[in-house]
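A closer look at the structure
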Amino acid sequence: MPKTWALTFMINEEEAPTGRPAGALAWAGLANLYYWIDRENGIGGFWATQIFPFADPTSVVGFLDLETAVYDHVVAGVPA
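Everything in this summary refers to the structure shown in the same document.

Cut-offs applied
- Along each chain, numbering runs from 1 in the same order as the chain's sequence is written.
- Confidence filtering applies because this is a predicted model: local features only for residues at pLDDT of at least 70, side-chain atom pairs given and counted only at 80 or more, and all residues used for totals across whole chains, interfaces and linings.
- Side-chain descriptors were evaluated using all non-hydrogen atoms of the structure, hydrogens and water having been removed beforehand.
- Only runs of H or I of at least four residues qualify as helices and only runs of E of at least two qualify as strands under DSSP, and these elements are numbered from the N terminus.
- We compute the radius of gyration over the C-alpha atoms and compare it with the globule rule, which gives 2.2 Å times the number of residues raised to the power 0.38.
- The cut-offs for exposure are 20% and 50% of the maximum accessible area for each residue type, with area from a 1.4 Å probe on protein chains only; residues under the lower value are buried, those over the upper are exposed, and the others partly exposed.
- Points on a 1 Å grid over protein atoms alone make up a cavity when a 1.4 Å probe fits among them but cannot get out, and a pocket when they form an open set with protein on both sides within 12 Å along at least five of seven lines; lining residues each have an atom within 4 Å of a point.
- Grid points are joined across faces, edges and corners, and a volume is the space filled by probe spheres set on the points.
- When DSSP locates at least two bridges between a pair of strands, those strands are taken to pair.
- Axes here mean lines fitted to C-alpha atoms, for a helix over just the part in contact, with angles spanning 0 to 180 degrees between N-to-C directions.
- Every patch collects residues that have over 30% relative accessible area and no salt bridge, joining them within 9 Å if they carry like charges and within 5 Å if they are nonpolar side chains (Val, Leu, Ile, Met, Phe, Trp, Tyr).
- Note on areas: these come from Shrake-Rupley sampling with a 1.4 Å probe, and a residue is covered only by the protein chains present in the view.
- One side-chain nitrogen of Lys or Arg within 4 Å of one carboxyl oxygen of Asp or Glu is enough to make a salt bridge.

Looking at the overall build of the protein
In terms of regular secondary structure, the protein is built from 1 helix and 5 strands. Scanning the protein from its N terminus toward the C terminus, one meets helices and strands in the order β-β-β-β-β-α. Expected size for 80 residues packed as a compact globule is a radius of gyration near 12 Å; at 13 Å, the protein falls within 12% of this value. C-alpha extents for the protein along the principal axes are approximately 35 × 30 × 20 Å. Each of the 80 residues in the protein was classed as buried or not, and the buried ones make up 34%.

In structure tokens form, the structure reads like this:
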């Protein structure tokens, strides 16, 4: 996914497969801490683990599943 950088965040330039819109802000921390800020929809999310190495496949999938669920249920209004 194309991205650019601001002073403190990564900015995705296209809609993410999870539903996060273009222009949303995101960042990640060493122990698989991930968050995003979606100013367009007024929401954000945070996924926190204490797992190494960075980008542990299980942690990444968990974060992507969380983000997808937020956009499926909160933004798109899909019933639970």
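Things to note about the layout of surface pockets
Vacant regions in the atomic arrangement are exposed by a probe of water-molecule size rolled over the atoms. Taken as a whole, the largest pocket spans an internal volume of roughly 320 Å³. Contributing to the lining of the largest pocket are 17 residues, with M1, M10, R20, F63 and L64 lying nearest its centre. Of all the secondary structure elements, the ones that give two or more residues to the lining of the largest pocket are β3 (25-29), β4 (33-38) and α1 (57-75). Per element, the largest residue contribution to the lining of the largest pocket is 4 residues, and it comes from α1.

Observations concerning the sheet that holds β3
A sheet is described by the order of its strands in space; here 5 strands give the open sequence β1-β2-β3-β4-β5, paired in antiparallel fashion. Two strands bound the open sheet, and with one partner strand each, they are β1 (3-5) and β5 (43-47). The sheet shows a mean angle of 20 degrees between the axes of neighbouring strands, direction not considered. Bridge count for β4 against β5 is 5 bridges, and the pairing is antiparallel. Bridge assignment links I37 to a residue of β5, and that residue is G44.

Here's the deal with a nonpolar patch on the surface
Judged by side-chain polarity, L30, F52 and F54 come together as a nonpolar surface patch covering roughly 350 Å² of accessible area. Looking at the element boundaries, L30 is found in the loop between β3 and β4.

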